[in-house]
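Listed below, chain by chain, are the residues.
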Amino acid sequence: MAELQTTPTHPVRFRVHRRKAGDSGGRFDTFEVPLDEHRTVLDGLVAIRTGQDPSLTFRHSCFHASCGTCGMRVNGRDVLACVTKVADTGPDVTVEPLANLPLVSDLVVEMGAFYGPFDRAGRPLVRESELLPGGERAEGIDVLTRYEDCIECGICVSACPVAGSDSRYAGPAALAAAARVVLEPRDADAPAALRFADDEHGIWRCHVAYECTEACPSNADPGGHIMRLRRAATANRVRRWFGAGRAAR
Amino acid sequence: MSEQRAQTSIPATRPVERRRGWWGWFDPRGRRLGGWAFALNRLTGLGLVAYLYLHLGILSLLARGPDAWDTFVDIALNPLVLALDVVLIFGMLFHGLNGLRVGLVGYGLVASRQAALFVGLMVIGAIVLVVATLRVFA
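Rules and cut-offs
- Residues numbered from 1 in each chain as written.
- Chains lettered and ligands numbered in written order.
- Predicted model: local features only at pLDDT ≥ 70, side-chain atom pairs only at ≥ 80, totals over all residues.
- Helix = DSSP H or I, 4+ residues; strand = E, 2+ residues; numbered from the N terminus.
- Buried ≥ 20, exposed ≤ 12 C-beta atoms within 10 Å, placed from the backbone.
- Contact = placed C-beta atoms within 7 Å.
- Rg over C-alpha atoms; globule rule 2.2 N^0.38 Å.
- Core = buried A, V, L, I, M, F, W, Y, C linked by C-beta atoms within 7 Å.
- Domains from an automatic or database assignment.
- Nonpolar A, V, L, I, M, F, W, Y, C, P; charged D, E, K, R; others polar.
- Arc of directions from axis to C-beta.
- Expected span 1.5 Å × (residues − 1).
- Pairing = 2+ DSSP bridges.
- Axes fitted to C-alpha atoms, helices over the stretch in contact; angles between N-to-C directions.
- Left-handed = near helix turned anticlockwise from the far one by under 90°.

**Section: the overall build of chain A**
For step 1, the next point in the chain: Scanning chain A from N- to C-terminus turns up eight helices and seven strands.
For step 2, the next point in the chain: Buried positions account for 45% of the 249 residues belonging to chain A.
For step 3, the next point in the chain: Counting only contacts in chain A whose residues sit at least 6 apart along the sequence, the fraction spanning at least 24 positions is 63%.

Following this line, the structure appears as structure tokens:
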């Protein structure tokens, strides 16, 4: 019978942002958790909640980067805690909630502010059948990009420097969703999505830092989609100037 | 009654606004190449605006006669001031070349190659900066 292999644990010091309803400000609490190198930041937070402080609040669900609920800032980077190994963070781990979204408690942010603009973007549908061998692709689409894999985690909004200074900015994810509708309408209201995006607080507010694309855990490339949307919006304006009938109004 | 008790015993969880603000533009934590370019573009932009007013102030010395201007020229040839000229050239090069990238990418022209475009333009800028520095101190 094979002997069970165990991996040695090392103490990991977590500095975790804390703030409850009614608190006048935030603070950081420190917890030490023994973890082996295969464990993740989310494993550490779960261990803290179950073994040291049951009042610690954070969101998680799937543990494998599918649900997008455990987005948070770890050592200043916007990541999914469930796939961020402590072997990569080092022994000192500072955990904060996502930036640029209202804070509810500890590491939990109000995602309504993130989801809100999605309605105006047209909420593109995902059709997994197209990804299967022999699946039919929509007309005009030669290559399927991975925007369909946006897991709506909010990390792009947290990483975006512009979202931090413009509370009316629609945000990378919602604009990328609008791009999906504009470039591949599938009977959705593409002109409405373009009107939503073609705004000073929409695609034209982006300053091409591409932090959203770099931070996106799903390679959905929101920055690239914003630029494609800009090209579509510019082409639409040119068509309007020359009175073309197909231009979105 | 129980509903009323629940309402009074559980504190309201009104979300707290937590934006990073404009100072978040310069937060170095977690910054990647595009983020540094974004922050440096703002710093160089502010620096160039400040230089514009400084430049106008210096030009106004011409109205005060040749002595005032000659005195300024002596100061301008000080190695420390020449080093500031190099900083100015860096600011102009970075802001101009990164602005070119932002302009091109911003209209979706080379969006898929924006990182390579940035690196390429910065290499050109570095070469020009080296040549300019040698000429400034020649």
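**Quick look at the overall build of chain B**
For step 1, the next point in the chain: In terms of regular secondary structure, chain B is built from five helices and zero strands.
For step 2, the next point in the chain: When the helices and strands of chain B are placed in sequence order, the string is α-α-α-α-α.
For step 3, the next point in the chain: Relative to the globule expectation of 14 Å for 138 residues, the C-alpha radius of gyration of chain B, 25 Å, shows a markedly less compact shape.
For step 4, the next point in the chain: Expressed as lengths along the three principal axes of its C-alpha atoms, the size of chain B is roughly 90 × 40 × 25 Å.
For step 5, the next point in the chain: In chain B, which comprises 138 residues, the share counted as buried stands at 12%.

**Side note on the nonpolar core**
Residue and element names in this part refer to chain A.
For step 1, the next point in the chain: Residues Ala81, Leu175, Ala178 and Leu229 are the most contacted members of the largest nonpolar core, which totals 76 residues.
For step 2, the next point in the chain: The biggest single contributor to this core is helix α5 (residues 172-183), with ten residues.
For step 3, the next point in the chain: Of the residues that make up this core, three or more belong to each of domain 1 (9-109) and domain 2 (112-241).
For step 4, the next point in the chain: With residues up to four places along the chain from it excluded, the contact list for Leu229 reads Leu175, Ala178, Ala179, Val182, Ala197 and Ile203.

**Side note on the domain arrangement of chain A**
It is common to give the size of an interface as the accessible area lost on bringing the parts into contact.
Residue and element names in this part refer to chain A.
For step 1, the next point in the chain: The domain architecture assigned to chain A consists of domain 1 (9-109) and domain 2 (112-241).
For step 2, the next point in the chain: At the junction of the two partners, domain 1 supplies 15 residues and domain 2 supplies 15 residues.
For step 3, the next point in the chain: Secondary-structure elements contributing two or more residues to the side of domain 1 that touches domain 2 are β3 (71-74) and β4 (77-80).
For step 4, the next point in the chain: Of the residues in the side of domain 1 that touches domain 2, the class split is nine nonpolar, four polar and two charged.

**Description of helix α6 (residues 190-197) of chain A**
Structural remark: α-helix, 3.6 residues per turn; residues separated by three or four positions point the same way.
All names here are of chain A.
For step 1, the next point in the chain: For α6, the full list of buried residues reads Ala193, Leu194, Phe196 and Ala197. Each buried residue of α6 lies within a common arc of 155 degrees when the element is viewed along its axis, so the set occupies one face.
For step 2, the next point in the chain: Buried positions along α6 lie against α3 (112-121), α5 and α8 (222-241).

**Details of α8(A)**
For step 1, the next point in the chain: If you check α8(A), its first and last C-alpha atoms are 28 Å apart, about what 20 residues at 1.5 Å a residue would give, namely 28 Å.
For step 2, the next point in the chain: Along its buried surface, α8(A) packs onto α4 (155-159), α5, α6 and α7 (211-215) of chain A together with α4 (79-106) of chain B.
For step 3, the next point in the chain: Gly243(A) sits one or two residues past α8(A) and shows a positive phi near 75 degrees.

**Let's talk about the interface of chain B and chain A**
For step 1, the next point in the chain: On the chain A side, the residues contacting the 29 residues of chain B number 29 residues.
For step 2, the next point in the chain: Secondary-structure elements contributing two or more residues to the side of chain B that touches chain A are α2 (33-59) and α4 of chain B.
For step 3, the next point in the chain: A per-element tally of the side of chain B that touches chain A places α2(B) first, with four residues.
For step 4, the next point in the chain: Grouping the constituent residues of the side of chain B that touches chain A by class yields twelve nonpolar, ten polar and seven charged.

**Section: the sheet that holds strand β2 (residues 27-36) of chain A**
Hydrogen bonds between backbone atoms are what pair the strands of a sheet, whose relative direction is either parallel or antiparallel.
Residue and element names in this part refer to chain A.
For step 1, the next point in the chain: Sheet architecture is open: five strands sit in the order β2-β1-β5-β3-β4, paired in mixed fashion. Looking at which strands have only one partner, the edges of the open sheet turn out to be β2 and β4. Taking the axes of each pair of neighbouring strands and ignoring which way they run, one obtains an average angle of 35 degrees across the sheet.
For step 2, the next point in the chain: Relative to β2, strand β1 (residues 9-18) runs antiparallel, the two sharing ten bridges. From the neighbouring strand, His10 faces β2, where its bridge partner is Leu35.
For step 3, the next point in the chain: Strands in contact with helix α1 (residues 41-51) are β1, β2, β3 and β5 (92-96); relative to β2, the strand with the most contacts, it is inclined by about 110 degrees.

**Observations regarding the pairing of β5(A)**
Residues and elements named next belong to chain A.
For step 1, the next point in the chain: Pairing of β1 with β5 involves four bridges; the strand directions are parallel. Of the residues in β5, the one forming a bridge with Phe14 is Val93.
For step 2, the next point in the chain: One ladder, built from two bridges, connects β3 with β5; its direction is antiparallel. Bridge pairing in β5 links Arg73 to Glu96.

**So, the environment of Arg77(A)**
Residues and elements named next belong to chain A.
For step 1, the next point in the chain: In this fold, Arg77 is placed in strand β4.
For step 2, the next point in the chain: Taking the C-beta count within 10 Å as the criterion, Arg77 has 18 such neighbours and is therefore assigned partly exposed.
For step 3, the next point in the chain: Between the C-alpha atoms of Arg77 and Ser24, which are 53 residues apart in sequence, the distance is 25 Å.

**Quick look at the packing of α5(A) against α6(A)**
All names here are of chain A.
For step 1, the next point in the chain: Contact pair α5 / α6: the axes reach a minimum separation of 8 Å and the direction vectors enclose 150 degrees. In terms of crossing hand, the pair formed by α5 and α6 is left-handed. Seen from α5, the contacting residues are Leu175, Ala178, Val181 and Val182; seen from α6, they are Ala190, Ala193, Leu194, Phe196 and Ala197.
For step 2, the next point in the chain: Its residues assigned to classes, the contact of α5 with α6 comprises nine nonpolar, no polar and no charged.

**A look at unusual backbone geometry**
All names here are of chain A.
For step 1, the next point in the chain: With a phi angle near 50 degrees, Asn75 is a residue other than glycine that sits in the positive phi range.
For step 2, the next point in the chain: A residue is classified by how many C-beta atoms lie within 10 Å of it, and Asn75, with 18 of them, is partly exposed.
For step 3, the next point in the chain: Phi is positive for Asp106, close to 50 degrees, though the residue is something other than glycine.
For step 4, the next point in the chain: Looking at where Asp106 falls in the secondary structure, it is placed in the loop between β6 (103-105) and β7 (108-109).

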